[in-house]
Amino acid sequence: MENPVDRKEPSNNPQAVIFDDVVQITDEFVVTPWEVRGRVDYDKLLRHFGAKPLTRDEIALLEKYAGEVHPLIRRGFFYAHRDFDVIMKWHGGGRPWALYTGRGPSGPVHIGHMVPWILLKWLSDKFNLEVYFQLTDDEKFFDDPEMRLEEATGWAYENALDVIALGFTPDKLHLIVDTKDIKPLYPIAVKVAKKLTWNTVKATFGFTDSTNIGLIFYPSLQIAVAFLPSELRREAVPVLIPCAIDQDPYFRLARDVADVFGYPKPATLYSKFIMALTGESKMSASNPDSAIYTQDDEKTVRRKIMNAFTGGRPTAEEQRKYGGDPDICPVFHYHMLFDPDDASVEKIRQDCRGGALLCGECKLKLYEKLSKFLKEHRERREKARGKVDDYRISAKLR
Ligand code: TYM
C-alpha cells in the first residue's frame, strides 16, 4: 500500500533548497523546528510550507464564536493556519474539540515562548476548552549532546510553572512530561511511527546518517498528542494547535497520517517569531541578552531593554527631524505584543514615525509595561511550585 505521507505536494518555492519542509532559502534565512537564522520572510515561508494566511473571513468566524478577537490575532502576529476555519465551523456545530501546544524544555522560558501561551489561555477561556501541553524532555535530551536527561526533566518541571502561572486550573490543563507520562501516548506513537518512513522524516526534518535514533523516532511523539484527546474520549475530538510557524513540519505530517487511523486532522494557528532584542528574527539561547526571560530580575530586564537595538536614528536631533522606523524595531514590536490598547500602540507608532518620541523614552514605557507583567507572572509562578504533578495527565488517568 502506498504510504500516505510519501504523497507530498512538491514545494512551490523555486529558491528553496536542501529539504522539502525544512526551509533553507539560499543566503537569506533558515527555519527548522530546531533553528531559526536570518531575517525571516514570513510570506515566503508560508508558501513553502503550504499553510494558509489567516483571512478576514476566518477572523470574522472567530469573532462570531468568541465575541471578540484577541489583539495578537488582530495585529497579525498570528498570521497563518491549517483548517482554522474548519475547526471554527466544527465548534459552530456544537462538537467537542481541544487545544494542544508544547515546549522543548532546554532552559528557562523567554517571553517569546509565552506569547503563543497567552493566546492559548485566551482560547481556553473563551471556548471553555481543555489544553494538552507537552513538555518534551526526551526531545531536548536527544537534540543536545551536552544535555543530561535529569536536567531536561528538571527544566520541564520549571517550565511547567510558567504555563500554570497563566492561570490554568488542573481540570483544564493536562501536562504531559514525555519521560513521565508516556503511557497514554505510546500506543498512539507506535501507530504513527509505523506510517512514517525514514525517507519522509529525513526530508521533513533534515535528519542525516549521524542523527541519533531517539530524535528520529521523536516526531511520532509530538504528533501523537494531536490524537490523544480523541483516543481518551473515544470520539472525534480534533485539536487546535497555536504555536509559532517553526512547528509546522510536525503537524503537516500529523495531518497526513490522521486519516489512516480515523483520527480528525489537527488544525493549527501559526504566529511569527518574537523579534530578538538585537533586531534579528528570533531570540537565541546562546545570547541571553537577545531575550527577556520570565525569571530575569527587574535590573536585568531594564538593562536588556535599554541596550536593545531600535529603529531610531543615531542622534536625538536626527530622530526629531526624520522620525524612526517602528517596523524594524524590537522595542515597538514588544509594545505591540504586550499592550492590549490599540490607541496607545498606534500613538507610539505615529510618535515614533513623526519624531516626537525618542528611543530612550519609548524603552522606558516598555520597561514599565513588561516589568508589571513579569512581576505578576513571577508571583503566580512561585505559587504553582510543588503543584505541577496535580496537572500531569498521569495523575488524572489513574
Ligand atoms: P520550543 O520549546 O522550541 O518552543 C515552544 C513554543 O514557543 C514557540 N516559539 C516562539 N514563539 C514566538 N517567538 C519566538 N521567538 C519563539 N520561539 C519559540 C514555538 O513555536 C513553540 O510553540 N518541539 C517543540 C515542543 C512541542 C510543541 C508541541 C510545540 C511539543 N509539542 C506542540 C508546539 C506545539 C519545541 O521544542 O518547542
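Enquirer: What is the right way to look at the environment of E158 in this model?
Expert: With respect to the secondary-structure elements, E158 resides in helix α7 (residues 149–164). Distance in space between the C-alpha atoms of E158 and R385 is 8.4 Å, their sequence separation being 227 residues. Discounting chain neighbours no more than four positions away, the residues touching E158 are Q295, R381 and R385.

Enquirer: Explanation requested: the pairing of strand β7 (residues 98–103) in the structure shown.
Expert: Each regular strand carries side chains that alternate between the two faces of the sheet. For β7, the buried fraction is high: five of the six residues fall into the buried class. With two bridges joining them, β7 and strand β10 (residues 239–244) adopt parallel strand pairing. Its bridge partner lying in β10, L99 is registered against L240. Where β7 lies against strand β8 (residues 131–135), five bridges are found, and the strand directions are parallel. Of the residues in β8, the one forming a bridge with G102 is Q134. You can see the chain leave β7, run along helix α5 (residues 111–127) and come back into β8, and the turn it takes is right-handed.

Enquirer: So what exactly am I meant to see when it comes to α7 here?
Expert: Every α-helix carries 3.6 residues per turn, so stepping three or four residues along brings you back to the same face. When the terminal C-alpha atoms of α7 are compared, their 23 Å separation across 16 residues agrees well with the 22 Å that a helix rising 1.5 Å per residue should span. Regarding α7, the residues found buried are A152, T153, A156, E158, N159, A160, L161, D162, V163 and I164.

Enquirer: Got a minute to help me understand the domain arrangement of the protein in this structure?
Expert: A common way to report how large an interface is uses the accessible area buried once the components associate. One can read the domain layout of the protein as domain 1 (16–272) and domain 2 (288–384). Its C-alpha centre places domain 1 at a distance of 28 Å from the equivalent point of domain 2. At the boundary of domain 1 and domain 2, one finds four salt bridges. Notably, a salt bridge pairs R75 with D342, separated by 2.7 Å at the nearest N-O pair.

Enquirer: Any chance you could explain the sheet that holds strand β11 (residues 267–271) here in plain terms?
Expert: Sheets are built from strands that pair by backbone hydrogen bonding, the pairs being arranged parallel or antiparallel. If you trace the seven strands from one edge of the open sheet to the other, you get β5-β6-β11-β10-β7-β8-β9, paired in mixed fashion. Of all the strands in the sheet, the pair left with one neighbour each is β5 (52–53) and β9 (173–177).

Here is what the cut-offs are and how they apply
Going along each chain's sequence as written, the residues are numbered from 1 onward. For this predicted model, a pLDDT threshold of at least 70 governs which residues receive local features, and a threshold of 80 or more governs which side-chain atom pairs are given and counted, while totals over whole chains, interfaces and linings are taken from all residues. Excluding hydrogens and water, the side-chain figures rest on all heavy atoms present in the structure. In this description a helix means any DSSP run of H or I spanning at least four residues, a strand means any run of E spanning at least two, and both kinds are numbered starting from the N terminus. Two residues form a contact once any of their heavy atoms are found within 4.5 Å. The buried label applies to any residue whose accessible area, calculated with a 1.4 Å probe on protein chains only, is under 20% of its type's maximum; exposed applies above 50%, and partly exposed to all values in between. DSSP bridges decide pairing: two strands pair if at least two such bridges lie between them. A right-handed crossover is one whose linking path, passing over the helix from the first strand to the second, runs clockwise when the strands point away from the viewer. Take the number of residues in a helix, subtract one, and multiply by 1.5 Å to get its expected span. Where each domain begins and ends is defined by an automated method or by a domain database. Throughout this description, the term salt bridge denotes a Lys or Arg side-chain nitrogen within 4 Å of a carboxyl oxygen of Asp or Glu.

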